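# Notes for the structure review
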Amino acid sequence: MALSRLSLRSNRFLKPTPTLLRHVSTDTTPITIETAVPFESHLCDAPSRSVTTSSSEILTFFRDMARMRRMEIAADSLYKSKLIRGFCHLYDGQEALAVGMEAAITRKDAIITSYRDHCTFLGRGGELVDAFSELMGRKRGCSNGKGGSMHFYKKDACFYGGHGIVGAQIPLGCGLAFAQKYNKEEFVTFTLYGDGAANQGQLFEALNIAALWDLPAILVCENNHYGMGTATWRSAKSPAYFKRGDYVPGLKVDGMDALAVKQACKFAKEHALKNGPIILEMDTYRYHGHSMSDPGSTYRTRDEVSGVRQVRDPIERVRKLLLTHDIATEKELKDMEKEVRKEVDDAVAQAKESPVPEPSELFTNMYVKDCGVESFGADRKELKVTLP
Amino acid sequence: MSAILQGGVASTALSPFKTTDSNKLVTAPSRSSLSVRSRSDWSKSFGSRLIARRSQPPLIPNAVATKKTDNAESSTSSKSGHELLLFEALQEGLEEEMDRDPHVCVMGEDVGHYGGSYKVTKGLADKFGDLRVLDTPICENAFTGMGIGAAMTGLRPVIEGMNMGFLLLAFNQISNNCGMLHYTSGGQFTIPVVIRGPGGVGRQLGAEHSQRLESYFQSIPGIQMVACSTPYNAKGLMKAAIRSENPVILFEHVLLYNLKESIPDEEYICNLEEAEMVRPGEHITILTYSRMRYHVMQAAKTLVNKGYDPEVIDIRSLKPFDLYTIGNSVKKTHRVLIVEECMRTGGIGASLTAAINENFHDYLDAPVMCLSSQDVPTPYAGTLEEWTVVQPAQIVTAVEQLCQ
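All of these numbers come straight from a predicted model, not from anything done at the bench.

Glancing now at the overall build of chain B. Along its length, chain B carries 14 helices and 14 strands. Across the 404 residues that make up chain B, the buried fraction comes to 63%. In the form shown here, chain B has an accessible surface area of approximately 14600 Å², with 53% of it arising from carbon and sulfur atoms.

Written out as structure tokens, the structure is:
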């Protein structure tokens, strides 16, 4: 459908071979691609570097990552124009993780992450307009505007958020895995945390529990090398986060390569269902600072950031892949990006129009009204607070 | 309120377990063997007197003693009852709920094979297996978080802190995740956990093992707190807490585990938000909870001999306060004495004093008096420990002072 629009537009300039282009986006014939960086493993055999994928999958990667990137850039400008307040942690640079993971799992596998959750939410099937509405505190938002940037949730897609306190989501993730084991389901839980959170005690407590009971938990350390302003070499004695599990196997993955991430997650899922927890360390990078209040340049040089952008950018990598394998032309990709940009702009406009929550929403969702939780005033005639 | 409970009762009496929001099918192997006690069984053992009073399905939803009883520890005196200790009552409540709903599980330190440090979970691991009665390593933060994560998917964990004081290590999980997730997710997730454990001043247990955490937890939005004091309300509150979709913190007391009482054979639950009228009276309202109830009742005997008629209310629900029952009492007696085991600063009594002053100021003839524990870490020496908590003699003096 999108492709017919593309061919219409480009008809004016050159005549593409319609048959070649028209079947690309739905082409699922397997292609095998080697990952650029080998996997490093601890206590397990690393998966093969050859990833089976298809043209349509790579094209989906491109589109999804472009959408995520645009969303984060739009959030940046919305924050600067004070439509988004508070904390806003942006994920651009790390998109490969979100899309690679989604490609390897189903919507019934659970994902739980920290506050850098906008793109993960999108990957789980969240709508752009829901994300922007939540960021701007509107009723349409995924948490009715009451959560904010750090509290995106999507229950029907098994996305459990969205947590503000560093590391607190790790025991929650083990709980999700415990429930999956309790209910005897063949699903796994991906618990994402950062290199900063990797020094939290609760990580090791949760690891011990998960390994003890063979819970299907996959702990993914998104190592973007900076815990806010502190580099990993300044905060961790042993920055080999995948080895920190000691008795838990680990795998180090190039987190800027969506295909490597996909391979690792697939491997991890199979492993977790048979043998219990595994740690994945994703070597990734964020272009923005820790949050919008952090310029990101006081603890690292601009050269470093632009260097990574040139050499390791996930979207560029996929673009190169698409071009070298003749899956799409330069123009088509640019058009796709333009479409995505328009999608995002439309979503922003729609979100800007949507209403703020009603004042009565202040008290909704405090308690579930089951055994009659109502805090009456003194006379029981005057209703001080209803907790619906 | 009872209407809502009736609705809940009707649905739960029909289905073997509560259906949850999640789509996950519970394939627990023992499901087919779960027995649902049929209504006819219940009504056979159910006294006709009770049927006439309620004309309800068998669950007794309301609290004790809406009728006058003088005896502090008596519950609905049913002809067929059985005597047991408080920890056995808790165990019975827990076991019944675990039988009823396969989603209910227990997790805590030494709850499984050891049987629980206060024997509340004795025998449950043998009956339900290790996955449902989970022995955790010593990591309060992690296993509380784990319980909350499991609750997000629809399980109903009962998290036991071996001593309430240890739950301070899990404070982040309780405050941020347990209390707030229902709100910050816009209602998508409910957290039906029960966090329970013994707290309070014991017999020379030392400062760190004699903590009263109700004052720390009381301002966490999104949780409910209840304190049990008799075997009857212990079982009832345990069952109600497990069935509630909201996170409930159930405060037990180390010294009350061996209280003996006769409780009904029939199934019953206690209302989580209602206070219990222990002894109706005319002269002064004494509000108390947990172990202090017994000190108050002891003082009440002395007071009655001296000619006073105190009304004793066990507030039971620490969050939210049952201002209706309390208010009616204040309107009757016009004098309030709060007797609690919390610290003076920022305790339950402090909040209750503020709530009463705010709502019932016009009805008070004297300032609200609050007797609480001293603001000190609990000393080891027995005599000193005695003086950190409120003693019956002090209660008598306070009542006399207020009633002048």
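Next, the rest of the story.
All names here are of chain B. Checked against the element boundaries, alanine 125 lands in helix α5 (residues 124-128). Given the relative accessible area of 9%, alanine 125 is considered buried. With residues up to four places along the chain from it excluded, the contact list for alanine 125 reads Gly112, His113 and Val133.

With that out of the way, let us pick up the interface of chain B and chain A. Taken together, the 66 residues of chain B in the interface contact 53 residues of chain A. Taken together, the links from chain B to chain A amount to 0 salt bridges. Viewed at the interface, chain A and chain B are joined by 15 residue pairs in polar contact (both at pLDDT 80 or more). Where the side of chain B that touches chain A is concerned, the elements lending two or more residues are α1 (2-14), β2 (104-108), β3 (133-135), α6 (140-153), α7 (171-184), α11 (323-333) and α12 (348-360) of chain B. No other element matches the 10 residues that α6 of chain B contributes to the side of chain B that touches chain A.

Below, the discussion takes up the nonpolar core. Note that soluble globular proteins tend to have their nonpolar side chains buried in a common cluster. Formed by 83 residues in total, the largest nonpolar core has its most connected members in Phe178 of chain A together with Phe217 and Ile356 of chain B. Per-element tally for this core: the top contributor is helix α7 (residues 169-182) of chain A, with 8 residues. Residues within four places of phenylalanine 178 of chain A in sequence aside, it is in contact with Leu215 of chain A together with Cys105, Met107, Leu131, Leu134, Met146, Ala150 and Leu155 of chain B. In this structure, Ile33, Phe121, Ala272 and Met292 of chain A belong to the second largest nonpolar core, which totals 72 residues.

The next thing to look at is the UniProt feature "domain: Dehydrogenase E1 component" (unreviewed entry) in chain A. Mapped onto the present numbering, the UniProt feature "domain: Dehydrogenase E1 component" (unreviewed entry) falls at residues 63-359 of chain A. Spanning residues 63-359 of chain A, this segment combines 46% helix with 10% strand, and its end C-alpha atoms are found 39 Å apart.

Another point: the UniProt feature "domain: Transketolase-like pyrimidine-binding" (unreviewed entry) in chain B. UniProt feature "domain: Transketolase-like pyrimidine-binding" (unreviewed entry): in the numbering of this structure it lies at residues 84-259 of chain B. Along residues 84-259 of chain B the backbone is 37% helical and 18% strand, and the end-to-end C-alpha distance reaches 8 Å.

A few words on the side chain of threonine 325 of chain B. Residue and element names in this part refer to chain B. Among the secondary structure elements, threonine 325 is positioned in helix α11. For threonine 325, a relative accessible area of 17% translates into the label buried. Setting aside residues no more than four positions away along its own chain, threonine 325 makes contact with Ala275 and Ile313.

All names here are of chain A. Between helix α3 (residues 55-80) and helix α10 (residues 258-275), whose axes approach to 11 Å, the crossing angle comes to 110 degrees. Regarding the angle of α3 to α10, the classification is roughly perpendicular. On α10, the residues touching Glu57, Phe61 and Met65 of α3 are Ala258, Leu259 and Lys262. Its residues placed into classes, the contact of α3 with α10 shows 4 nonpolar, no polar and 2 charged.

One pass over the structure, following the stated rule, counts 13 aromatic pairs over all chains. Plain terms: the ring middles of tyrosine 118 of chain B and tyrosine 257 of chain B are 5.0 Å apart, the flat faces sit at 25 degrees to each other, and that makes the pair stacked. Placement of tyrosine 118 of chain B in the loop between β2 and α5 and of tyrosine 257 of chain B in the loop between β7 (248-253) and β8 (260-264) is noted, with a sequence separation of 139 residues between them. Tyrosine 257 of chain B sits in the buried class, given a relative accessible area of 3%. Both rings, one in phenylalanine 217 of chain B and one in phenylalanine 251 of chain B, keep their centres 6.4 Å apart while their planes meet at 40 degrees; by these two values the pair is tilted. Of this pair, phenylalanine 217 of chain B sits in helix α8 (residues 214-217) while phenylalanine 251 of chain B sits in strand β7, placing them 34 residues apart in sequence. Note that lysine 146 of chain A overlies the ring of tyrosine 183 of chain B, its terminal NZ or CZ placed 4.3 Å from the centroid.

Right, let's talk about the sheet that holds strand β13 (residues 336-343) of chain B for a bit. Residues and elements named next belong to chain B. The 5 strands lie next to each other as β9-β11-β10-β13-β14, forming an open sheet whose pairing is mixed. Because the sheet does not close on itself, it has two edges, and the strands there are β9 (276-279) and β14 (369-373). Neighbour to neighbour, the strand axes of the sheet diverge by 25 degrees on average, direction disregarded. The sheet contact formed by strand β10 (residues 284-288) and strand β11 (residues 310-314) spans 5 bridges and is parallel. Within β11, the position partnered with isoleucine 286 by the bridge is valine 312. Seen against the sheet, α12 touches β10, β13 and β14 and runs at an angle of roughly 150 degrees to β13.

This part covers unusual backbone geometry. Cis geometry is adopted by the peptide bond preceding glycine 162 of chain A, which originates at glycine 161 of chain A and carries an omega value of 15 degrees. Here glycine 162 of chain A is to be found in the loop between α6 (128-135) and α7. Residue proline 320 of chain B is reached from lysine 319 of chain B by a cis peptide bond, and omega for that bond is 0 degrees. Counting through the fold element by element, proline 320 of chain B comes out in the loop between β12 (317-319) and α11. Located in the positive-phi region is asparagine 144 of chain A, a residue other than glycine, with phi close to 60 degrees. With respect to the helices and strands, asparagine 144 of chain A occurs in the loop between α6 and α7. The exposure class of asparagine 144 of chain A is partly exposed, given its relative accessible area of 23%.

Let's shift gears to the packing of helix α12 (residues 314-324) of chain A against helix α13 (residues 330-353) of chain A. All names here are of chain A. At a closest axis distance of 10 Å, the pairing of α12 and α13 adopts a crossing angle of 140 degrees. Relative to α13, the element α12 is oriented oblique. Facing α12, whose interface residues are Arg319, Leu322 and Leu323, α13 presents Glu330, Leu333 and Glu337. In terms of residue class, the contact of α12 with α13 is made up of 3 nonpolar, no polar and 3 charged.

Looking now at the confidence of the model for chain B. Residues and elements named next belong to chain B. Across chain B, the average pLDDT comes to 82, with 80% of residues at 70 or higher. A low-confidence stretch, residues 1-78 (pLDDT under 50), is modelled with 119 contacts involving residues beyond four sequence positions or located in other chains. If you check the scores for this complex, the pTM reads 0.82 and the ipTM reads 0.82.

The rules behind the values
- Residues numbered from 1 in each chain as written.
- Chains lettered and ligands numbered in written order.
- Predicted model: local features only at pLDDT ≥ 70, side-chain atom pairs only at ≥ 80, totals over all residues.
- Heavy atoms only, no water.
- Helix = DSSP H or I, 4+ residues; strand = E, 2+ residues; numbered from the N terminus.
- Buried < 20%, exposed > 50% of the residue type's maximum accessible area, 1.4 Å probe, protein only.
- Areas by Shrake-Rupley, 256 points an atom, 1.4 Å probe, with all protein chains shown as cover.
- Contact = heavy atoms within 4.5 Å.
- Salt bridge = Lys/Arg side-chain N within 4 Å of Asp/Glu carboxyl O.
- Polar contact = N/O pair within 3.5 Å; in protein donor to acceptor, adjacent residues only side chain to side chain.
- Core = buried A, V, L, I, M, F, W, Y, C linked by side-chain atoms within 4.5 Å.
- UniProt positions renumbered as here; feature names shortened; annotations may be inferred.
- Axes fitted to C-alpha atoms, helices over the stretch in contact; angles between N-to-C directions.
- Parallel < 35°, antiparallel > 145°, perpendicular 65-115°, else oblique.
- Nonpolar A, V, L, I, M, F, W, Y, C, P; charged D, E, K, R; others polar.
- Phe/Tyr/Trp six-rings, centres within 6.5 Å; stacked < 30°, edge-to-face > 60°.
- Lys NZ or Arg CZ within 6 Å of the ring centre and 35° of its normal.
- Pairing = 2+ DSSP bridges.
- pLDDT = per-residue confidence, 0-100.

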